[in-house]
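Residue-level listing of the chains:
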Amino acid sequence: MTIDAQAGALALIPSDAAGEESPALSVLRLANDADPLQAVLAGVDRIELHFPAFTDGRAFNQAWLLRRRRGFRGDIRATGEVLVDQLQQMARCGFSSAVLAPGQDPEVGRRQLVRYQGFYQGDVATVRPRFRHAGERA
C-alpha cells in the first residue's frame, strides 16, 4: 500500500476491525522511544506508531520525521489511545491511517478531518506556512 501524504486523507479504522488485514503486509511496530531516523525501512509497507495515552505525543514527532526526513511513502498507522480530537493533527503530521480507540465514532472523526480548509502553519503536505504563500506571484 503506497500512501500519498499530499492527499491529506486519513483512513479511519474502528477498533473492532483493526485485525482484518492482509498477512502479506510487512509491518514495522516502532516503539515510542525508538529513533525513526535509525529504523530500517527497506521492504516495509506500514509503520505502526503507538499512543499509550492520549497525552503522549511522541508518535506525532516520529510520523513527521518518517515522512519529511526519511521520505517514507507507505502507510503510517496510529494505534493505541487514538481519539477523534487528535485526527486532524495526525493527518498534518503524516499519519495515513488510524485505529480509533474503543468508543470513538468514525463519523465524528470524518467531520473533524474536514472541519478546517486551511492552516496558517506548514505541515507534512504543505511545508511552507500560509504567510509565505500570500506574497508569492503565480
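Whatever comes next refers back to the structure up there.
Here the structure is a predicted model, which is why all the values come from computation and not from measurement.

### Considerations on the environment of Arg67
Here is step 1: Looking at the element boundaries, Arg67 is found in helix H1 (residues 58-69).
Here is step 2: With 26 residues separating them in the primary sequence, Arg67 and Cys93 have C-alpha atoms 8.2 Å apart.
Here is step 3: At 2.7 Å, the side chain of Arg67 and the backbone oxygen of Phe72 are in polar contact.

### A few points about the nonpolar core
Here is step 1: Counting 26 residues, the largest nonpolar core has Leu49, Leu87, Met90 and Phe95 as the members making the most contacts within it.
Here is step 2: For this core, the elements supplying multiple residues, two or more each, are strand S3 (46-51), H1, strand S4 (75-80) and helix H2 (87-93).
Here is step 3: Those residues in contact with Leu49, other than ones at most four positions away along the chain, are Leu30, Ala59, Gln62, Ala63, Leu66, Ile76, Arg77, Ala78, Thr79 and Phe95.

### Concerning the pattern of salt bridges
Here is step 1: Per the stated rule, a full pass over the model turns up five salt bridges.
Here is step 2: Across the pair Arg46 and Glu48 runs a salt bridge whose closest N-O atoms are separated by 3.1 Å.
Here is step 3: Exposure remark for Glu48: the relative accessible area of 10% places this residue in the buried category.
Here is step 4: In this structure, Arg110 engages Glu107 in a salt bridge whose closest nitrogen and oxygen atoms are separated by 3.5 Å. Within this pair, Arg110 and its partner Glu107 are both found in helix H3 (residues 106-114), separated by three residues, close to a single helical turn.

### Comments concerning the sheet that holds S4
Here is step 1: Ordered in space as S1-S5-S4-S3-S2, the five strands form an open sheet in which the pairing is parallel. Every interior strand has two partners, whereas the edge strands, strand S1 (11-13) and strand S2 (27-30), have only one. On average, each strand axis in the sheet is inclined to that of its neighbour by 20 degrees, with strand direction left out of account.
Here is step 2: Inspection of the sheet shows S4 paired to strand S5 (residues 97-99) by two bridges, in the parallel sense. Residue pairing for S5: Arg77 is matched across the bridge by Ser97.
Here is step 3: In the packing of H1 onto the sheet, contacts are made with S2, S3 and S4, and the angle to S3 comes to roughly 160 degrees.

Rules behind the numbers
Residues numbered from 1 in each chain as written. Predicted model: local features only at pLDDT ≥ 70, side-chain atom pairs only at ≥ 80, totals over all residues. Heavy atoms only, no water. Helix = DSSP H or I, 4+ residues; strand = E, 2+ residues; numbered from the N terminus. Polar contact = N/O pair within 3.5 Å; in protein donor to acceptor, adjacent residues only side chain to side chain. Core = buried A, V, L, I, M, F, W, Y, C linked by side-chain atoms within 4.5 Å. Buried < 20%, exposed > 50% of the residue type's maximum accessible area, 1.4 Å probe, protein only. Contact = heavy atoms within 4.5 Å. Salt bridge = Lys/Arg side-chain N within 4 Å of Asp/Glu carboxyl O. Pairing = 2+ DSSP bridges. Axes fitted to C-alpha atoms, helices over the stretch in contact; angles between N-to-C directions.

Function cannot be inferred from these measures alone, as they are strictly geometric.
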